[in-house]
Amino acid sequence: MSDQALVLAASAIGAGLAMIAGIGAGIGQGFAAGKGAEAVGKQPDAQGLIVRTMLLGAAVAETTGIYGLVVALILLFANPLLGLLG
Amino acid sequence: MSDQALVLAASAIGAGLAMIAGIGAGIGQGFAAGKGAEAVGKQPDAQGLIVRTMLLGAAVAETTGIYGLVVALILLFANPLLGLLG
Amino acid sequence: MSDQALVLAASAIGAGLAMIAGIGAGIGQGFAAGKGAEAVGKQPDAQGLIVRTMLLGAAVAETTGIYGLVVALILLFANPLLGLLG
């Protein structure tokens, strides 16, 4: 087993782990969608404002999922650890 | 144990881990579906608007699950780590 | 397997694990988005104030996700553990 193989294997696992962060955005944005639908049902006139607020908040909730994706892509495509091998 | 086998084995685990992100979308979109059904029950006249809002929000909640799928597919079908083996 | 390879491999896994912290911010910010949309539906006149409050709270909820990102980036790009190898 070479040093490189060990680091690359761990990077594959690390990339998979980083994607788990997406659980949060999925739950949170789904909650926002449900509350948005409920609010539109109560106040159809305010649909535009409600949807805009829902999407703005959902965009913020997306950020940590994107952080995870960025770390996974770094591990896969621009792995900085390989270069540190002696 | 060859280097390639180690990296490929870890890629299989990483691909599986990445799919765990789907937990979030499942919970969130299910909540949105429930709230949407509830809202339609209260205001059947607003069904079109309610469903549209629910689907828009659910589409947003799908994104992080798709990120996980993309990372898993990269690990399985376009593995960039193998090429980095010395 | 060299000492360096073991430390770097574990760092890759650690970076992935750190991103899991993002689950919390995703759930919390999504909850804020949903409640914000609900509040705007009830008081469309107060939309500006509601959104400002929602975003302020969401920014606070973002912090722990960013802590995770910072630790992951340190492990990847400024790994302090390698220098401690004898």
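This one's a predicted model, so the numbers in the text were calculated from it and none came from an experiment.

Membership of the largest hydrophobic core comes to 51 residues, with the highest contact counts inside it found for Val71 of chain A together with Val71 of chain B. Contributing elements (two or more residues each) for this core: α1 (3-19), α2 (22-42) and α3 (47-77) of chain A, α1 (3-19) and α3 (47-77) of chain B together with α1 (3-19) and α3 (47-77) of chain C. The element that contributes the greatest number of residues to this core is α1 of chain A, accounting for 12 residues. In this structure, valine 71 of chain A is in contact with Ala18 of chain A together with Ala15, Met19, Leu69, Ala72 and Leu76 of chain C, ignoring residues within four places of it in sequence. If you look at the next biggest cluster of nonpolar residues, it comprises 17 residues, including Ala33, Ala37 and Ala39 of chain A together with Ile50 of chain B.

On to the UniProt feature "transmembrane region" (unreviewed entry) in chain A, then. All names here are of chain A. Mapped onto this numbering, the UniProt entry gives "transmembrane region" (unreviewed entry) at residues 6-28 and 49-78. As a span, residues 6-28 carries 91% helix and 0% strand, and end to end its C-alpha atoms are 36 Å apart. For the annotated span residues 49-78, helix accounts for 97% and strand for 0% of the residues, and the straight-line distance between the end C-alpha atoms is 41 Å.

Taken together, the contact between chain B and chain A spans 47 residues of the former and 44 residues of the latter. Regarding the contact of chain B and chain A, the summed buried area is about 3,700 Å², with carbon and sulfur atoms giving 77% of it. The tally of links from chain B across to chain A stands at one salt bridge. Two residues, lysine 35 of chain B and glutamate 38 of chain A, come together in a salt bridge whose shortest N-O distance is 3.0 Å. On the surface where chain B and chain A come into contact, there are six residue pairs in polar contact (both at pLDDT 80 or more).

Taken together, the 45 residues of chain C in the interface contact 47 residues of chain A. Summed over both partners, the interface of chain C with chain A comes to about 3,700 Å²; 78% of that surface belongs to carbon and sulfur atoms. Put simply, chain C and chain A have one salt bridge between them. Taken together, the connections running from chain C to chain A amount to six residue pairs in polar contact (both at pLDDT 80 or more). Of all the secondary-structure elements, those providing two or more residues to the side of chain C that touches chain A are α1, α2 (22-42) and α3 of chain C.

Conventions used here
Residues numbered from 1 in each chain as written. Chains lettered and ligands numbered in written order. Predicted model: local features only at pLDDT ≥ 70, side-chain atom pairs only at ≥ 80, totals over all residues. Heavy atoms only, no water. Core = buried A, V, L, I, M, F, W, Y, C linked by side-chain atoms within 4.5 Å. Buried < 20%, exposed > 50% of the residue type's maximum accessible area, 1.4 Å probe, protein only. Helix = DSSP H or I, 4+ residues; strand = E, 2+ residues; numbered from the N terminus. Contact = heavy atoms within 4.5 Å. UniProt positions renumbered as here; feature names shortened; annotations may be inferred. Buried area = accessible area lost by both parts, 1.4 Å probe. Salt bridge = Lys/Arg side-chain N within 4 Å of Asp/Glu carboxyl O. Polar contact = N/O pair within 3.5 Å; in protein donor to acceptor, adjacent residues only side chain to side chain.

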